[in-house]
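Structural characterization, general
Each chain, written out:
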Amino acid sequence: MGHIRDIVIAGGGVAGWMSALALANARAGERVTLVETGGPDHSLGPFGPAEATLPEFAAFLIANGIDEDALMRAARGSFSLGGAFSGWAGEGVTWFLPHGETGAPIGPVAFHHLAARLRAGRREVRLADFSLAAVAAQSGRFARPSADRRSPLSALGYGLHLDRAGFAALLRDRALAAGVAAHPAPLRAVRLAGDGSIAAIETGPGEVAGDLFLDCTGPGALLIGGALGVGFDGWSQWLPCDRAIEWSNAAEGVPPPYAHSGAFDAGWRRMLPLARGQGEALVYSSAHLDDAAASAAFGGAAPVPVAFGRRASFWRRNCVAIGAAAALFDPLHGTALQLVHSALRRLIALFPHAADGPEGAEFDRIQLAEADRARDFLILHYKTNGRKGDPMWDAARAMAVPDPLQYKLDLYASRGRLPVYDEELFDRPEWIAVLDGQGVRQRRYDALADAIPEPALMQHFGRLREVILQAAKQLPGHGAALAAAGVRA
Amino acid sequence: MLVKRILIVGGGTAGWMTAAALAHKLGSTPVEIRLIESAEVGTVGVGEATVPHIRHYNATLGFDEAEFMARTQGTFKLGIEFVNWGRIGDSYIHPFGAFGGDIGGVPFHHQWLRMRQRGPVPDFEAFSLPVQAARRGRFRHPGTDPASPLNSYNYAYQFDAGLYARFLREYAEARGVQRKEGKVVDAALEGESGFVRSVTLENGEKLKADLFVDCSGFRGLLIEQALKTGYEEWTHWLPCDRAIALPCANEERIAPFTRATAQKSGWVWKIPLQHRCGNGHVYSSGFLSDEDALETLLGAIAAPPMAEPNRLRFVTGKRRRQWVGNVVAIGLSSGFLEPLESTSIHLIQLAIGRLLDLFPTQAWDPLDAEEFNRLMAFEYERVRDFIILHYHATQRDDSDFWNHCRTMRLPDSLEYKMALFRERGVVVNYRDGMFLEPSWLAVYLGQRVLPRHADPLAEKVAEDQVLAAMAAMTARNIAMADGFPTHEAALAELAAAAAA
């Protein structure tokens, strides 16, 4: 196979247009064509109509010259300081996963060990009380973080909530301006070359030929699965939900600056506030909730069957799968979008000399591991749930989980230690926030915490709390922050 | 509850680094730390060159650099010069810092590779400020301004490991570590748990402890002789198994770097200290006799020897588990990798850090040991692969030794990394592991492993733009390096500070 001249992206949507834009900006003369196959945008999965980004997504915007405020205006964007999780640790129990930092260590002793020591003394400690993002979210305030490490505002992190259609439209405009050719046509068939690689996408009377193909066709994976026959490894033994319903909700007033994920007996419901309105999705198990009942109760839309899992390979011959064509994740957090970002960064860093070169194997080694570790993080939410008496959740607590996850759970339970493997999308603070929120407690804590006199420890916690409350008070309201970004009047 | 009594078996660099760090970190707890060592048992102490991580260790313990350097006869180290590795006559320096800067968002080495395929370009090392300084015998401390090239590198030290151990001993003893003179001859195991309960000294005295740190060197008094843990040999990849150490007087100038010169069946190190120059020959007894090895070493050193040759034997590899029951092996008792990349002290430091992170409590959860062993195995294997690369990436065919190394089968983990680099200049990166992309690039390119293709996306930047950026970088490095003080001046300044 020769040098790559034509890159062809199949399927539009957020994943397709993100890919088109990133490649157009990185390319060295290659042509980029996107075959827009139409239909609803399931390129990241059928969980709209809003998408959530993680703080790391800012790097994609910067690398591609997208002004965040402009994006927010185009996509009714709203800021997110994290997510509230209600009903997961038990009916009526809510905990918060903040973006940014939580607490502060004393010398070498990590904050969660300090908290464990106080708890051992029968004091109540809620980690989120020591996160500026969580406290600000609760009081409906928002500001972008400060770059000055001395400022308490430097502990903030944030993501965005974006209207999927508006987001895709902006990406499309930018990609077209960067020279991507759009080819609106149905995808009728995929024509293979003699060596089994993809030669062209047949679009009716014509076809679009290329050297490297990106499969952004969503869970159907028409290229990598359909044409190239790469198998699918399902995760249903760990992630019990298999249906999704998406709808919009015309919520009024200033949106809360955080996402809400509410568990119920047969699944969970996601609410992503936008500057105007709210994107909602219901994710549930059809074994525990009747489809008709679900549809009737939630907006009347038809449930879409979903299968969480991933392709056995994300890069086969001259085809790279991006987005839901590669892996479909339970839509907790902004996992799907962040993995698209990561896949594109990797594809550009490993851009092959010839499409069937050795780069694909390295791409797979990293991306498959990253997908599996992100999967483990999602499984964690089910495995550690506290909903006793609900059959779906009881089964989830009892299930055997993948070894790398079990090892993490064991080490954390033993001594509050969290091993982080090579390719992890979610880092220690996120893991600890979920474990702690779900009520998992470590049996031992860092013995050095015992060397700190209790009054000094109490003073440390008191001072942290004071600084956070003071800082939160001075933050503008979310409505004002959105107005400053030009998203709301 | 923490374990109460710690007994460190063996002094030397490993023993006293462990004692000092434990005393520092656990000083506020009721833990009791003892160290037993015997003046009769020699220490190896050839690991006189370090990597920059040692600065973190020193800083954590609160050492003043000037005092530390004065006490250990220390010199500054900007990297390692490798001579005769790719071919006889070749030389490159592996610095502690990156080469060049991104051009048009494309990693520098791809732009360099691309231009190299079109015509003559400056050597890769022209794009490293610390290499330019090292070549000039100059040194300056890195800066903290992220925008300055002074922020682009790091440095380490070369010092007398025996003096360092003495320095650490003072520190540790001042913080309550009890040193005991004696030779351990036996260890008593508890039947059920297999834990070591006590060790017996030559004079019959028994010393009890809860946690034993085995710093007894190659023998592994506790981890191997008492616990029979087993050893994973890597000699099929790293066939050197002997070394002769022989100090000599310094030359007129003191190089701010270590030198490793490849020989017919091994390599010779040269580590300049303030008061003398450490030399040694690491070789393979399967390919070279001990007499010839000494002759080679004598021929390679620049001045008359200052001591009798010190002969060492070793088996490259790693203890199967480095923490077993209540015994943690640190230093040579945990494994051996030749000092080609100055990793010995770093591996000691890592083990100490992990022991502190996973410090056991009286409940003795076996997960502590499991996690320690998992993390240390990673580090050993990744260092191992990087060292193997030096031997394998050669065009030398002037001896059976090099023919063996050049044609041997590699560990899969390394084979894969090299294949990717050869094809497309991709350096495989990991989250854990001490050698990062610039290190791999230095060795690959320094030893003539040249990719077939550069990143095709490098083409997006016009050639003249790349050439202009490259010319600016080399000119700036030269100008800056020329402005650095000489290494001798930098040392004198520090000595003045220590005396003040």
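The model shown is predicted, which means the values in this text are computed figures rather than measured ones. Within each chain, residues carry numbers counting from 1 in the order of the written sequence. Chain labels run from A onward and ligand labels from 1 onward, assigned in the order the entries are written. Reporting of local features is limited, given that this is a predicted model, to residues whose pLDDT is at least 70; pairs of side-chain atoms are given and counted only at 80 or more, and all residues count toward the totals for whole chains, interfaces and linings.

What about the overall build of chain B?
Along its length, chain B carries 15 helices and 21 strands. Neighbour counting defines burial: a residue surrounded by 20 or more other C-beta atoms within 10 Å of its own C-beta is buried, one with 12 or fewer is exposed, and intermediate counts give partly exposed, using backbone-placed C-beta atoms. Classification of the 500 residues of chain B by burial places 50% in the buried group. Each residue is represented by a C-beta atom placed from its backbone, and any two residues with such atoms within 7 Å are regarded as in contact. Put simply, 76% of the contacts in chain B that link residues at least 6 apart link residues at least 24 apart. Secondary structure follows DSSP: runs of H or I at least 4 residues long count as helices, runs of E at least 2 residues long count as strands, and numbering of each begins at the N terminus.

Section: the overall build of chain A
Within chain A, the regular secondary structure consists of 15 helices and 22 strands. The quantity called the radius of gyration is restricted to C-alpha atoms. Its globule counterpart is 2.2 Å times the number of residues to the power 0.38. Here chain A has a C-alpha radius of gyration of 23 Å; the compact-globule value for 489 residues is 23 Å, and the two agree. For chain A, the C-alpha atoms occupy an extent of roughly 75 × 50 × 50 Å along the three principal directions. The burial tally for chain A puts 55% of its 489 residues in the buried class. Long-range pairs, those at least 24 residues apart, make up 76% of the contacts in chain A between residues at least 6 apart in sequence.

Some details on the interface of chain B and chain A
Facing 23 residues of chain B, the contacting portion of chain A comprises 25 residues. Within the residue set of the side of chain B that touches chain A, elements represented by two or more residues are α10 (366-392) and α12 (412-424) of chain B. It is α12 of chain B that contributes the most residues to the side of chain B that touches chain A, four residues altogether. Residues are sorted three ways: Asp, Glu, Lys and Arg are charged, Ala, Val, Leu, Ile, Met, Phe, Trp, Tyr, Cys and Pro are nonpolar, and all the rest, Gly among them, are polar. Each residue belonging to the side of chain B that touches chain A can be placed in one class, and the counts come to 11 nonpolar, four polar and eight charged.

Concerning the sheet that holds strand β19 (residues 309-311) of chain A
What links the strands of a sheet is backbone hydrogen bonding, and the strands pair in either a parallel or an antiparallel sense. Residues and elements named next belong to chain A. Note on pairing: DSSP must find at least two bridges between two strands before they are called paired. With antiparallel pairing, the three strands of this open sheet are ordered in space as β13-β19-β22. Strand pairing shows two members of the sheet lacking a second neighbour, β13 (232-234) and β22 (327-328), which therefore form its edges. Bridge count for β13 against β19 is three bridges, and the pairing is antiparallel. Bridge pairing links Asp-233 to Arg-310 in β19.

Focus: α12 of chain B
To estimate how far a helix should extend, the number of its residues minus one is multiplied by 1.5 Å. Spanning 13 residues, α12 of chain B covers 18 Å between terminal C-alpha atoms, matching the ideal 18 Å at 1.5 Å per step. Burial in α12 of chain B covers these residues: Leu-414, Lys-417, Leu-420, Phe-421 and Arg-424 of chain B. All buried residues of α12 of chain B fall inside an arc of 140 degrees around its axis, so they share one side. Of the surrounding secondary structure, the elements contacted by the buried residues of α12 of chain B are α10 (359-383) of chain A together with α10 and α13 (437-446) of chain B. The positive-phi residue at the C-terminal boundary of α12 of chain B is Gly-425 of chain B, with phi of around 65 degrees. This arc describes the spread of directions from the helix axis toward the C-beta atoms.

Quick look at the sheet that holds strand β4 (residues 78-80) of chain A
Residue and element names in this part refer to chain A. Strand order across the open sheet formed by three strands is β3-β7-β4, with antiparallel pairing between neighbours. The open sheet has two free edges, formed respectively by β3 (50-52) and β4, since each of these has just one partner strand. Neighbour to neighbour, the strand axes of the sheet diverge by 25 degrees on average, direction disregarded. Where β4 meets strand β7 (residues 159-163), three bridges bridge the pair, whose relative direction is antiparallel. Bridge assignment links Ser-80 to a residue of β7, and that residue is Gly-159. Interaxial angle, 0 to 180 degrees, is taken between N-to-C directions of lines fitted to C-alpha atoms, where a helix line uses only the stretch in contact. Sitting on the sheet, helix α6 (residues 164-177) touches β3 and β7, and the angle it makes with β7 is about 95 degrees.

Here we look at the domain arrangement of chain B
Residue and element names in this part refer to chain B. Per the annotation, domain bounds derive from an automatic or database assignment of domains. Segmenting chain B into domains produces domain 1 (5-75 + 159-230 + 316-382) and domain 2 (97-153 + 409-487). Computed over C-alpha atoms, the centres of domain 1 and domain 2 are 37 Å apart. Looking at which element gives the most residues to the side of domain 1 that touches domain 2, the answer is α10, with four residues. In terms of residue class, the side of domain 1 that touches domain 2 is made up of one nonpolar, one polar and three charged.

A closer look at the nonpolar core
Among the nonpolar cores identified, the biggest contains 310 residues, and Ala-10, Ala-20, Leu-223 and Ile-322 of chain A together with Val-9, Ala-19 and Leu-222 of chain B are the most heavily contacted of them. Split by domain, the residues of this core number at least three in each of domain 1 (5-75 + 159-230 + 316-382) and domain 2 (97-153 + 409-487) of chain B. Non-local contacts of Val-9 of chain B, meaning those with residues more than four positions away in its chain, are made with Ile-36, Val-184, Val-199, Phe-212, Val-213, Asp-214, Cys-215, Ser-216, Leu-221 and Leu-222 of chain B. When buried Ala, Val, Leu, Ile, Met, Phe, Trp, Tyr and Cys residues are joined through C-beta atoms within 7 Å, the set is termed a nonpolar core.

Quick notes on the pairing of strand β17 (residues 278-284) of chain A
Residues and elements named next belong to chain A. The buried fraction of β17 amounts to seven of the seven residues, a majority that puts the element mostly inside the structure. As defined by bridge partners, strand β14 (residues 243-249) adjoins β17 across seven bridges and the pair is classed as antiparallel. Paired with Ser-248 across the strands is Gly-279, a residue of β17. Here seven bridges tie strand β16 (residues 267-273) to β17, and the two strands are oriented antiparallel to one another. Residue pairing across strands places Arg-270 opposite Ala-281, the latter belonging to β17.

Focus on the packing of helix α1 (residues 12-26) of chain B against helix α9 (residues 344-357) of chain B
All names here are of chain B. In the contact formed by α1 and α9, the axes pass within 10 Å of each other and the chain directions differ by 35 degrees. For the pair α1 and α9, the crossing hand works out as right-handed. Mapping the contact onto sequence places Thr-13, Ala-14, Met-17, Thr-18, Ala-21 and Lys-25 in α1 and Ile-345, Ile-348, Gln-349, Ile-352 and Leu-356 in α9. Along the lines of polarity and charge, the residues of the contact of α1 with α9 split into seven nonpolar, three polar and one charged. Crossings are sorted by hand: turned counterclockwise from the far helix by less than a right angle, the near helix makes the crossing left-handed, and turned clockwise it makes it right-handed.

Comments concerning the environment of Ala-74 of chain A
Residue and element names in this part refer to chain A. Relative to the elements of secondary structure, Ala-74 occurs in helix α3 (residues 68-74). Considering only alpha carbons, one finds Ala-74 and Leu-339, 265 residues apart in sequence, at a separation of 23 Å. If we skip the residues at most four places from it in the chain, Ala-74 touches Gly-166, Ala-169 and Leu-170.

Considering unusual backbone geometry
For Gln-73 of chain B, which is not glycine, the phi torsion reads 55 degrees and is therefore positive. Exposure remark for Gln-73 of chain B: the 17 C-beta atoms within 10 Å place this residue in the partly exposed category.

Describing the packing of helix α9 (residues 335-349) of chain A against α10 of chain A
All names here are of chain A. Where α9 contacts α10, the two axes come as close as 11 Å, and the packing angle between them is 165 degrees. Relative to α10, α9 is oriented roughly antiparallel. Crossing hand, α9 versus α10: right-handed. Taking contact as the criterion, the partners of Thr-335, Leu-339, Ser-342, Ala-343, Arg-346 and Leu-347 in α9 are, on α10, Phe-363, Ile-366, Gln-367, Glu-370, Ala-371, Ala-374 and Leu-378. Relative orientations are named as follows: roughly parallel for angles under 35 degrees, roughly antiparallel for angles over 145 degrees, roughly perpendicular for angles from 65 to 115 degrees, and oblique for any other angle.

What about the environment of Pro-120 of chain B?
Within the element layout of this structure, Pro-120 of chain B appears in the loop between α4 (108-116) and α5 (129-135). Sequence separation of Pro-120 of chain B and Ala-19 of chain B is 101 residues, and the distance between their C-alpha atoms is 54 Å.

Describing the pairing of strand β1 (residues 6-10) of chain A
Residue and element names in this part refer to chain A. Counting buried positions along β1 gives four out of five residues, so the element sits mostly inside the fold. One ladder, built from five bridges, connects β1 with strand β2 (residues 31-36); its direction is parallel. Opposite Ala-10, over in β2, you have Val-35 as the bridge partner. A crossover gets the label right-handed when its path from the first strand over the helix to the second runs clockwise, viewed with the strands pointing away from the viewer. Taken together, β1, helix α1 (residues 13-26) and β2 constitute a β-α-β crossover, and its handedness is right-handed. Two elements, β1 and strand β12 (residues 212-215), share four bridges in a ladder whose sense is parallel. Bridge pairing in β12 links Val-8 to Phe-213.

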